[in-house]
Amino acid sequence: MKYAIAKRYKCIDAHNHVWGRNGRLDTAEAENVLKAADLVGIDRICVSVPLTHDCPTPEEVRRNNDIAIEAMKFSKRFLGFCFVNPGYAREATAEIERCVVEHGMVGVKLYHQYFISDPAQRPVMEKAAELGIPVLMHAGKVTDPMTRAAQPRLSAAEHFLQALKMFPDTMLIQGHIGGGGDWEWNLRGLESISGNNYYIDLSGSVVDAGIARRTLDTVGEDRVLFATDMSYEEGVGKVIDAGFSERQLVKIFSGNMEKILARRKK
Amino acid sequence: MKLFDINTAIGHWPFQQVRNNTSTKLRKLLESKGISGAAVAHTHGVFYKNCHDANGELAAEISKHRDFFTGIATINPTYPGWERDLQECVEAFGFKALRLLPLYHNYSLKSAEASAIIAAAGKMKIPVIIPACIFNFRQMHWMDIPRALELDDLKEVLLGNPDTRFVLTEGAVPVSQLADPSGKSLFKNLYIEMSRYRSAYGGVLSNLIRTIGADHVLFGSGAPFKEITPALMKLDNAEGSVAEKTQMTSGNFKKLLNL
């Protein structure tokens, strides 16, 4: 395909999903993900199966993670991220242990059940730090009343800055700068970012002109991860249009994520 | 394959800086992506009370780029004098389409005023372009509009004006809503700009093309608000013959705008 990412980048999609029901993978959908990845030149795909309602139970969480585990068996190109609800601290840490140690997942995925800076996150954050894996957080600064009401605990830049102080040993990935909120708000809030535990992914359907370039200019090329969150052409197209240098592309498409994966403790 | 873009604009957006928003800069940007011509509207017309002033600005702005840009009139049918404005846009400025913004200009497409201007556009044989939104409303400034237009906002007007051609830009109406249970297209007079339809994943754009026909789908980028390559990729990844893609990228554009 004319616009596909070149194979030499060995591109990793840092934020994506597979789906299923009752703990079983929807293999047709998984095939669709792989087909789309092939079309745009993605090699490996980080996938999770989050629950978006207020209080997922440990049983629901486990069933969804079983879908991601099946996906990892379905194709080695899928890298699993373990979804948990931090409200069930003991069960959440046990689930991370199961998914990462037993089944080889490579990260934790959190949704908007709690802000990332909520003290309730501590056991999950400490477990992730212990295992040397990143925590990918659904994030954004939505400003329309309807979405705000639907996602009252959506983490934005200010929450990440606070969380980095609270959990200095945990790698945090701020999800989808193009996820639909006020991305300029997030970037302005991140101007003081420092340290080597913060990353941000470029995924989301929003392709406002300059979004990828301004993200990199704000947080630095060592903290930006390529991702789609199912918006494949948007994910790749905004990186192409940003006019990044070869060095930057190498880091964004896989280099930064490879460094994160290399920090996983054996 | 020549590429024409049905969805571009010039001018400032009051809530976010937009670069490449003059005719010269926008043309350069579009040409750098292989685009040979574009329909363009003036963003100031979204916000001026007397929005016809923006049509005058557009005419002046694109006067040196008539070989590239085709003007789109932005008119508020609830404002006095719109009939003269429409006439001036078509006859004096040479604009080839009418853009309606019911959410920004605060009226319903089902209103008598909207019916009157749609009928006038039909008589003049120019298409009516309706953006579902301009910027994604989830990042709205508190003074902006908190929603996008949906098919329910348009249905009645589409069915009530079968001889007028409508173009929905920046829309993502589910393809299933555009067809009857047998898969037959419900709105013969609706044309859709494709930039918000997914292509690689799930083949949504291909499904749209199959459902409403390649003769009813138009390439559009949303520049300069949006990056252009995502739309180019979607087109590239869509199923369709060269002839069908040629329709989407140039044939439909020229036919709709009488070029």
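Residues numbered from 1 in each chain as written. Chains lettered and ligands numbered in written order. Predicted model: local features only at pLDDT ≥ 70, side-chain atom pairs only at ≥ 80, totals over all residues. Heavy atoms only, no water.

Notes on the interface of chain A and chain B
Basically, it comes down to this: Any two residues having at least one pair of non-hydrogen atoms within 4.5 Å are treated as being in contact. By buried area we mean the combined loss of accessible area, with a 1.4 Å probe, across both parts when two parts are placed together. Salt-bridge detection follows one rule: a side-chain nitrogen of Lys or Arg within 4 Å of a carboxyl oxygen of Asp or Glu. In protein, a polar contact requires one atom able to donate a hydrogen and another able to accept it; more generally it is a pair of N or O atoms within 3.5 Å, and residues adjacent in sequence count only if both atoms are side-chain atoms. Helix and strand assignments come from DSSP, with helices taken as H or I runs of at least 4 residues and strands as E runs of at least 2, each series counted from the N terminus. Residues are grouped as follows: Ala, Val, Leu, Ile, Met, Phe, Trp, Tyr, Cys and Pro are nonpolar; Asp, Glu, Lys and Arg are charged; all remaining types, including Gly, are polar.
Counting from both sides, the interface comprises 40 residues of chain A and, opposite them, 25 residues of chain B. Considering only the surface of chain A that becomes buried against chain B, Tyr3(A), Glu233(A) and Asp241(A) emerge as the three largest contributors, covering 24% of it. Connecting chain A to chain B are 2 salt bridges. Among the ionic pairs, Lys234(B) bridges to Glu234(A), the shortest N-O distance being 2.7 Å. Our count for the chain A to chain B interface comes out at 17 residue pairs in polar contact (both at pLDDT 80 or more). If you list the elements that add at least two residues to the side of chain A that touches chain B, you get helix H1 (27–40), helix H5 (145–150), helix H7 (183–189) and helix H9 (232–242) of chain A. Examining the composition of the side of chain A that touches chain B, we find that 8 residues originate from one element, H9(A), more than from any other. Considered class by class, the residues forming the side of chain A that touches chain B number 19 nonpolar, 10 polar and 11 charged.

Describing the environment of Thr74(B)
Residues and elements named next belong to chain B. Filter applied, for reference: Relative accessibility under 20% of the residue-type maximum defines a buried residue, over 50% an exposed one, and the middle range a partly exposed one, all with a 1.4 Å probe and only protein chains included.
Along the chain, the position of threonine 74 falls in strand S3 (residues 69–74). With relative accessibility at 1%, the residue threonine 74 sits in the buried group. C-alpha of threonine 74 to C-alpha of alanine 41: the two residues are 33 residues apart in sequence and 7.0 Å apart in space. If near-sequence neighbours (up to four positions away) are discounted, threonine 74 is found in contact with Ala41, His42, Gly45, Cys51, Asn55, Arg99, Leu101 and His105. Of the polar contacts made by the side chain of threonine 74, one reaches the side chain of arginine 99; its length is 3.1 Å.

Describing the sheet that holds strand S7 (residues 190–193) of chain B
Residues and elements named next belong to chain B. Rule in force here: DSSP-based pairing: two strands are paired if at least 2 bridges between them are found.
As summarised here, the arrangement of the 8 strands in space is S1-S2-S3-S4-S5-S6-S7-S8, forming an open sheet in which the pairing is parallel. Where the open sheet ends on each side, the last strands, each with one partner, are strand S1 (3–10) and strand S8 (217–218). Direction of pairing for S7 relative to S8: parallel, over a ladder of 2 bridges. Looking at the pairing, glutamate 193 lines up with leucine 218 of S8.

Comments concerning the pattern of salt bridges
Per the stated rule, a full pass over the model turns up 28 salt bridges over all chains. When the shortest N-O distance is used, the salt bridge between Asp38(A) and Arg77(A) registers 2.9 Å. With Asp38(A) in helix H1 and Arg77(A) in the loop between helix H2 (58–74) and strand S5 (78–83), this residue pair connects regions lying 39 residues apart in the sequence. Where Asp152(B) meets Lys155(B), a salt bridge forms, and the shortest distance between an N and an O atom there is 3.5 Å. Here Lys155(B) and Asp152(B) lie together in helix H6 (residues 151–160), a separation of 3 residues that amounts to about one turn.

What to know about the sheet that holds strand S7 (residues 135–137) of chain A
Residues and elements named next belong to chain A. As summarised here, the arrangement of the 8 strands in space is S1-S4-S5-S6-S7-S8-S9-S10, forming an open sheet in which the pairing is parallel. Among the strands making up the open sheet, the edge pair consists of strand S1 (12–17) and strand S10 (224–225). As paired elements, strand S4 (residues 44–48) and S5 share 3 bridges and run parallel to each other. Bridge assignment links cysteine 46 to a residue of S5, and that residue is leucine 79.

With respect to the pairing of strand S5 (residues 128–131) of chain B
It is a general feature of regular strands that their side chains alternate between the two faces of the sheet. All names here are of chain B. The side-chain alternation of S5 yields two buried faces, one formed by Val128 and Ile130 and the other by Ile129 and Pro131. Relative to S5, strand S4 (residues 97–99) is paired through 2 bridges, and the arrangement is parallel. Counted as the bridge partner of leucine 98 is valine 128 from S5. Pairing of S5 with strand S6 (residues 166–169), which is carried by 4 bridges, proceeds in the parallel orientation. Counterpart to isoleucine 130 in the pairing with S6 is leucine 168.

Digging into the state of the cysteines
All names here are of chain A. Using the following cut-off: Here, a disulfide means two cysteine sulfur atoms that sit within 2.5 Å of each other.
According to the stated counting rule, one finds 0 disulfides over all chains in the structure shown. In this structure cysteine 46 is a free cysteine whose sulfur lies 10 Å from that of cysteine 11, the closest cysteine sulfur available. Not engaged in a disulfide, the cysteine cysteine 55 finds its nearest cysteine sulfur in cysteine 82; these two sulfurs lie 16 Å apart.

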